[in-house]
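# Coordinate inspection notes
Take a look at the letters that make up each chain.
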Amino acid sequence: MFGVLPAWGLWVRHAKGLVIDRLDLAKTSPDARPPFATENATGLSITRTPLWRG
């Protein structure tokens, strides 16, 4: 439907005021893509999420 996505875990696009707290992600096979990707996301708040490097 979307082709290859820019992240293996969470892709946030065209979002406003999204709050993510304590999201834990794991992958079952190697993947070179980052765990998170954002595009046009304003007011994004991510806390207590181990893989987030923002």
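Everything that follows concerns the structure shown earlier in this document.
Treat the numbers as computed from the prediction; the structure is a model and nothing was measured. (Residues numbered from 1 in each chain as written. Predicted model: local features only at pLDDT ≥ 70, side-chain atom pairs only at ≥ 80, totals over all residues. Heavy atoms only, no water.)

### A short note on the overall build of the protein chain
The secondary structure content of the protein chain amounts to zero helices and four strands. If you list the helices and strands of the protein chain from N to C, you get β-β-β-β. Taking the principal axes of its C-alpha atoms as reference, the protein chain extends roughly 30 × 25 × 15 Å. Out of the 54 residues belonging to the protein chain, those deemed buried represent 17%. Within the protein chain, contacts between residues at least 6 apart in sequence are counted, and of these 72% link residues at least 24 apart. (Helix = DSSP H or I, 4+ residues; strand = E, 2+ residues; numbered from the N terminus. Buried < 20%, exposed > 50% of the residue type's maximum accessible area, 1.4 Å probe, protein only. Contact = heavy atoms within 4.5 Å.)

### A short note on the pattern of salt bridges
A complete count under the given rule lists three salt bridges for this structure. The residue arginine 48 makes a salt bridge to aspartate 21 at a minimum N-O spacing of 2.7 Å. Of this pair, arginine 48 sits in the segment after β4 (45-47) while aspartate 21 sits in strand β2 (residues 19-21), and the two are 27 residues apart along the sequence. On the basis of relative accessibility, which here comes to 54%, the residue arginine 48 falls in the exposed class. A salt bridge links aspartate 31 to arginine 33; the shortest N-O distance between them is 2.6 Å. Assessed through its relative accessible area of 26%, aspartate 31 is described here as partly exposed. (Salt bridge = Lys/Arg side-chain N within 4 Å of Asp/Glu carboxyl O.)

### Remarks on a nonpolar patch on the surface
A surface patch of nonpolar side chains, amounting to about 420 Å² of accessible area, comprises Met1, Phe2 and Leu5. Note on placement: methionine 1 falls in the segment before β1 (10-16). (Patch = residues over 30% accessible without salt bridge, like charges linked within 9 Å, V, L, I, M, F, W, Y side chains within 5 Å. Areas by Shrake-Rupley, 256 points an atom, 1.4 Å probe, with all protein chains shown as cover.)

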